[in-house]
Amino acid sequence: MMEDNYLDGLNIVQRQAATHTEGPVLVVAGPGSGKTRVLTYRVAHLLEKGVKPWEILMLTFTNKAAKEMKERIHKVVGPSADKVWAGTFHSIFSKILRVEAEKIGYPSNFTVYDTEDSKGLLGSIIKEMNLDKQVYSINSVLSRISSAKSNIIPPTRYAENEELLQQDKLSKRPLLYKIYANYVTRCKRAGVMDFDDLLYRLYELWHKNPDGVLDKYRAKFKYVLVDEFQDTNFLQYKIVQKLVKYEGSPCNVCVVGDDAQSIYAFRGANIQNILDFEADFKTNGIQIFKLEQNYRSTDHIVQAANELITFNMRQIPKTIRSEKGVGQRIRLIKALTDTEEGKRVADAILEQKNRYHLGNKDIAILFRTNAQSRIFEEYLRRYNISYKLVGGTSFYQRKEVKDLIAYLRLAVNPKDEEALRRVINHPKRSIGDTSVDKIAEIAEQQQVTLWEALPLANLGGKTQSSLNDFIRLIQSFVKKATDTNAYEAASFVATESKLTSLMKLDTTPEGVDRLDNLNSLLDGIKEFVESDLEEAIEVNDKSLASYLQNIALVTSLDESKSGDDSVTLMSVHAAKGLEFASVFVVGMEEDLFPSFMSKDNAEGLDEERRLFYVAITRAEAFLTLTYAASRYKNGKMRYLEASRFLEEISAAHYDTDLALKSKSSEIASNFNVATPTRASVQGNFKKKPTSAVPAIDPSTFVPSPSDQIEVGHKVLHLIFGEGSVKNIDGQRDKRVATIVFPHLDEPEKRIMLKFAKLHIVEH
DNA sequence: GTTGGTATCTGTGGA
DNA sequence: AGATACCAAC
């Protein structure tokens, strides 16, 4: 065997986690602890043991992660790696549903709605129900529906659930349950699944188990692995459970996650899953492995992250240790404006490149919101530093691309209402809103789709003949899509829809760009048709339907090409799982990071803190945090305070020049400044900010030695004010105190005594 | 129905 | 700042 060979690179715990293949396994893996290695070698080990690749199911959160994992397994075991079922929850389930959809009343060529489509449909429904769109805002309705699906509550049960109905009444949206029911009916009638449906309908399929379909998949997937388990929602967890937990099951399921890196609660992810997993599989002999050794970052970074996360309430206790020595301290840059922030970051990048011989690809700029990228792009361009922007608007989300795709979607499934609405009057053919409204009304009366209502419409005159032309046009597309391959069909659609000729009329630079994009889309389809790279788990189907399925779940993250030497610009969310020698986390300001949206509740704030934790733990050697005192927002200059998170890392980890001399007073004073603007803008529904505690003058504050602090002491904290020590756990310099600050919204804080600045008021 | 103008509002993350 | 909403004139 070559086992010793490929397992050599693992430490003891990693090796145990990788080779303990039978029965349920939970791997709690801190940042940089070799989680991906463990998963890779675990799969390699299974294959070495003779498990067939198609018996292994590995679920990840991004296509990128899945692809990377496959490539790494390939390196160890060769081409059999390609036949492992590895992909995102959404893409794997979508593949299964293509095969099984008819068992639950969907066509096998169902359309996938993206968020924009879902919002469009909800907009129509709200309008048709004559509801106030201010009150029934699409975003809140959609998130409500999404969360119902993620918690496996179908419309019928929603309508009977007193608690949910009460919540909707309180938020002045008592009819939400009806919108939900309508939305689900309309999706199903149109042969459409939204992102949540890809999970929900698979659950439904397995739950109803027609023709023993569940047993088929239980028998097929003998080993199940889930990456980033902390980001799964209830529904995803239940699906995994359906697959592996049943009478007589070997429960060969391995989940890997880090509660401290859970950053998708906004999408319904539930950290509780990771805690429940342990309880749920206790009787099946669950094994838990904790990877606490950090191989990525130097000690100041690791310790700063450790300190930061103790400010959160719930967590699995673990101590991450660095392997790489003390390293550099964190550098803090305060700029006066957002523009200056951009310049100083570009300056610092130049300096680091010269001083430490870093390549562009070793450097990343991470921000909380994608909108922040522009200034950095400008300065990097000006300094001639090559960069790549990851995320943002995907190619497939550009207007002109979506337009053609809408026609293609119609060609495959003319019942697709959102696609129909998008193109029925584009290019202009005099079928305007009033006509569409009339057709929609007929559709509603007859309980049919828009497409089926088209021939029933009686619009008269020019509009009617133009409508008839449109119907014939789409029918010809449908025929083409069934008769020919994706490329032939798409070329036909592009010309016959007149989209190309319309675009050729626009000779502005932007117009030329748009035409280019359209042609790249067609090139992409051609490539799809001509590619022989038959992926193991895919049928070699070159139809338009197959192409659309392929691109439905492609995100902007998947499009960035690697290999070139560029500075990476991306959101913190997008950076999860990645690492860079030097990381700049920019925009460290209150209301930006933490985001103002998340500040009114403790969970939201904790999630932002975990997000910041993810951000700083991306750095291997150099970490720079920047903030600006003012920046433009909605066309207006706004003044900002430094982020509270900066204070939650002790001064010991900041660069001495900047930190010890000026930092503590500078940041602390930023904290306690009154902010009348924020209070008055948001005062009507936000609680008072937690930072509104009695101000303490940092220059006269004298911390007591940490080893003198004991349970029962009354202490003074620079930021939190007065509190009493409730409990202390850990030994010596790892002691963590639970301190109650009664005047705070979240009175209980866990503070690492080694770094805390606490003054004993009373023994 | 279309076009082109002005007023108004919005305010994260991403499969 | 940028998108969307709304309105008046063709």
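What you see is a predicted model, and the numbers here were worked out from it, not measured in a lab.

Asker: Tell me about a nonpolar patch on the surface, and please be specific about residues and values.
Answerer: A contiguous nonpolar surface patch, about 400 Å² in accessible area, is contributed by Y632, M637 and Y639. For Y639, the position within the fold is in strand β17 (residues 636-639).

Asker: Please set out the pattern of salt bridges residue by residue, giving values where relevant.
Answerer: Scanning the model with the defined rule gives 46 salt bridges in all. Its salt-bridge partner being K222, residue E55 comes within 3.2 Å of it at the nearest N-O pair. Note that E55 is positioned in the loop between α3 (35-48) and β2 (56-60) and K222 in the loop between α12 (213-220) and β6 (223-226), a separation of 167 residues in sequence. For K222, a relative accessible area of 40% corresponds to the partly exposed category. We note a salt bridge from D197 to K149, for which the minimum N-O separation is 3.2 Å. Separated by 48 residues along the polypeptide, D197 in helix α11 (residues 195-208) and K149 in helix α7 (residues 138-150) bring together distant segments of the chain.

Asker: Mind laying out the protein's contact with DNA strand B, listing which residues take part and the relevant values?
Answerer: Around DNA strand B, the structure places 30 residues, and the nearest of them are R267, R368, T434, S435 and T555. Protein-proximal atoms of DNA strand B, defined as those within 4 Å of the protein, fall in sugar or phosphate at a share of 48%. Taking N370, its main chain carries an N or O atom lying 3.0 Å from a phosphate oxygen of DNA strand B. For DNA strand B, a base oxygen lies 3.5 Å from a polar atom in the side chain of S595. Here the residues of the surface near DNA strand B sort into eight nonpolar, 16 polar and six charged.

Asker: How would you sum up the packing of aromatic side chains? Please name residues and give values.
Answerer: Applying the stated criterion across every chain yields a total of 21 aromatic pairs. An aromatic cluster is defined as three or more aromatic residues linked by ring pairs; in this entry it consists of F61, W85, F89, F93, W206, Y217 and F221. One residue, R98, lies across the ring of F110, its end atom 3.8 Å from the ring centre. Its guanidinium or amino end placed over the ring of Y379, R382 lies 4.7 Å from that ring's centre, counting from NZ or CZ.

Asker: How would you summarise the side chain of S373 if you had to cite specific residues and measurements?
Answerer: If you trace the backbone, S373 turns up in helix α17 (residues 373-382). With a relative accessible area of 6%, S373 lands in the buried category. Leaving out residues up to four positions away in the same chain, S373 has contacts with F367, L389 and L569.

Asker: I'd like a rundown of the nonpolar core, residues and numbers included.
Answerer: Among the nonpolar cores identified, the biggest contains 51 residues, and L404, L454, L467 and F470 are the most heavily contacted of them. In terms of residue count, the dominant contributor to this core is helix α18 (residues 399-412) (nine residues). Once residues lying within four places of it in the same chain are set aside, the contact partners of L454 are L420, I424, I439, L467, F470 and I471. Core analysis: the second largest hydrophobic core is formed by 48 residues, L26, V28, I96 and L214 among them.

Asker: Give a detailed account of the confidence of the model for chain A, specifying residues and quantitative values.
Answerer: This prediction gives chain A a mean pLDDT of 87; 90% of its residues lie at or above 70. Low confidence marks residues 658-695, where pLDDT is under 50. Its contacts with residues over four positions away, or in another chain, come to 62 contacts.

Asker: For the packing of helix α15 (residues 299-309) against helix α28 (residues 602-616), give the residues involved together with the corresponding values.
Answerer: Where α15 contacts α28, the axes come no closer than 10 Å and their chain directions differ by 175 degrees. With respect to α28, the axis of α15 lies roughly antiparallel. Of the residues in α28, those in contact with I301, A304, A305, N306, L308 and I309 of α15 are R609, R610, F612, Y613 and I616.

Asker: Outline the pairing of β6, supporting the account with residue identities and numerical values.
Answerer: Of the two faces of β6, the one holding Y223 and L225 and the one holding V224 and V226 are both buried throughout. Bridge count for β2 against β6 is four bridges, and the pairing is parallel. When the sheet's bridge partners are listed, L57 is paired in β6 with V224. Examined bridge by bridge, β6 and strand β7 (residues 253-257) share three bridges and lie parallel to one another. Along β7, the bridge assignment pairs V226 with V255. This β-α-β element, β6 to helix α13 (residues 234-244) to β7, shows right-handed connectivity.

Asker: Describe unusual backbone geometry, with residues and values.
Answerer: Cis geometry marks the peptide bond from H426 to P427, where omega comes out at 0 degrees. With respect to the helices and strands, P427 occurs in the loop between α19 (417-423) and α20 (433-446). Cis geometry marks the peptide bond from F593 to P594; its omega dihedral reads 10 degrees. Within the element layout of this structure, P594 appears in the loop between β15 (580-585) and α28. Notably, N634 is not glycine yet its phi reads approximately 50 degrees, a positive angle. Among the structural elements, N634 can be located in the loop between β16 (619-633) and β17.

Asker: Provide a residue-level description of the environment of M69, including the pertinent values.
Answerer: Along the polypeptide, M69 turns up in helix α4 (residues 63-77). Given the relative accessible area of 2%, M69 is considered buried. Counting along the chain gives 29 residues from M69 to T40, while the straight-line C-alpha distance between them is 6.4 Å.

Asker: Would you mind going over the sheet that holds strand β1 (residues 25-29) in detail, with residue names and values included?
Answerer: Pairing is parallel across the open sheet formed by six strands, whose spatial order is β3-β2-β6-β7-β1-β8. This sheet does not close on itself; its edge strands, each paired only once, are β3 (85-88) and β8 (287-291). Sheet twist, expressed as the average angle between the axes of neighbouring strands with direction ignored, equals 15 degrees. Against the sheet, α13 makes contact with β2, β6 and β7, and its axis sits at roughly 165 degrees relative to β6, the strand it touches most.

Asker: Quick one: what's the story with the environment of R144, residue by residue and with numbers?
Answerer: You can see R144 is positioned in helix α7. In this structure the C-alpha to C-alpha distance between R144 and G327, which are 183 residues apart in sequence, comes to 46 Å. Not counting residues within four places of it along the chain, the set of residues in contact with R144 comprises Y158, L164, Q167, D168 and L176. Among the polar contacts listed, one links the side chain of R144 to the side chain of Q167, at a separation of 2.6 Å.

Asker: Would you mind going over helix α14 (residues 272-280) in detail, with residue names and values included?
Answerer: Regarding α14, the residues found buried are N273, I274 and F277. Looking straight down α14, one finds its buried side chains confined to an arc of 100 degrees; they lie on one side.

Asker: Would you mind going over the pairing of β15 in detail, with residue names and values included?
Answerer: Burial analysis of β15 places six of its six residues in the buried class, the great majority of the element. Looking at chain direction, strand β12 (residues 363-367) and β15 are connected through four bridges and run parallel. When the sheet's bridge partners are listed, A364 is paired in β15 with V583. Note that β15 and β16 share five bridges and pair parallel. Bridge pairing in β16 links V585 to L625.

Asker: Please set out the packing of helix α2 (residues 12-19) against α3 residue by residue, giving values where relevant.
Answerer: If you want to describe how two helices pack, look at the angle between their axes and the distance between the axes. Put simply, α2 and α3 touch, their axes get as near as 8 Å, and they point 45 degrees apart. Here α2 lies oblique to α3, going by the angle between them. Crossing geometry of α2 relative to α3 is assigned as right-handed. When α2 is examined against α3, the residues Q14, A17, A18 and T19 are found in contact with a partner set consisting of V38, Y41, R42 and H45. A breakdown of the residues in the contact of α2 with α3 according to their chemical character gives four nonpolar, three polar and one charged.

Asker: Residues and numbers for α28, please.
Answerer: Given a rise of 1.5 Å per residue, 15 residues ought to cover 21 Å, and the 21 Å separating the end C-alpha atoms of α28 matches this to within 8%. Taken across its 15 residues, α28 has 13 buried, putting it largely inside the fold. Two or three places before E603, at the start of α28, stands the capping residue N601, its side-chain oxygen 3.2 Å from that residue's backbone nitrogen.

Rules behind the numbers
Residues numbered from 1 in each chain as written. Chains lettered and ligands numbered in written order. Predicted model: local features only at pLDDT ≥ 70, side-chain atom pairs only at ≥ 80, totals over all residues. Heavy atoms only, no water. Patch = residues over 30% accessible without salt bridge, like charges linked within 9 Å, V, L, I, M, F, W, Y side chains within 5 Å. Areas by Shrake-Rupley, 256 points an atom, 1.4 Å probe, with all protein chains shown as cover. Salt bridge = Lys/Arg side-chain N within 4 Å of Asp/Glu carboxyl O. Helix = DSSP H or I, 4+ residues; strand = E, 2+ residues; numbered from the N terminus. Buried < 20%, exposed > 50% of the residue type's maximum accessible area, 1.4 Å probe, protein only. Near = heavy atom within 4 Å. Polar contact = N/O pair within 3.5 Å; in protein donor to acceptor, adjacent residues only side chain to side chain. Nonpolar A, V, L, I, M, F, W, Y, C, P; charged D, E, K, R; others polar. Phe/Tyr/Trp six-rings, centres within 6.5 Å; stacked < 30°, edge-to-face > 60°. Lys NZ or Arg CZ within 6 Å of the ring centre and 35° of its normal. Contact = heavy atoms within 4.5 Å. Core = buried A, V, L, I, M, F, W, Y, C linked by side-chain atoms within 4.5 Å. pLDDT = per-residue confidence, 0-100. Axes fitted to C-alpha atoms, helices over the stretch in contact; angles between N-to-C directions. Parallel < 35°, antiparallel > 145°, perpendicular 65-115°, else oblique. Pairing = 2+ DSSP bridges. Right-handed = clockwise from strand over helix to strand, strands pointing away. Arc of directions from axis to C-beta. Left-handed = near helix turned anticlockwise from the far one by under 90°. Expected span 1.5 Å × (residues − 1).

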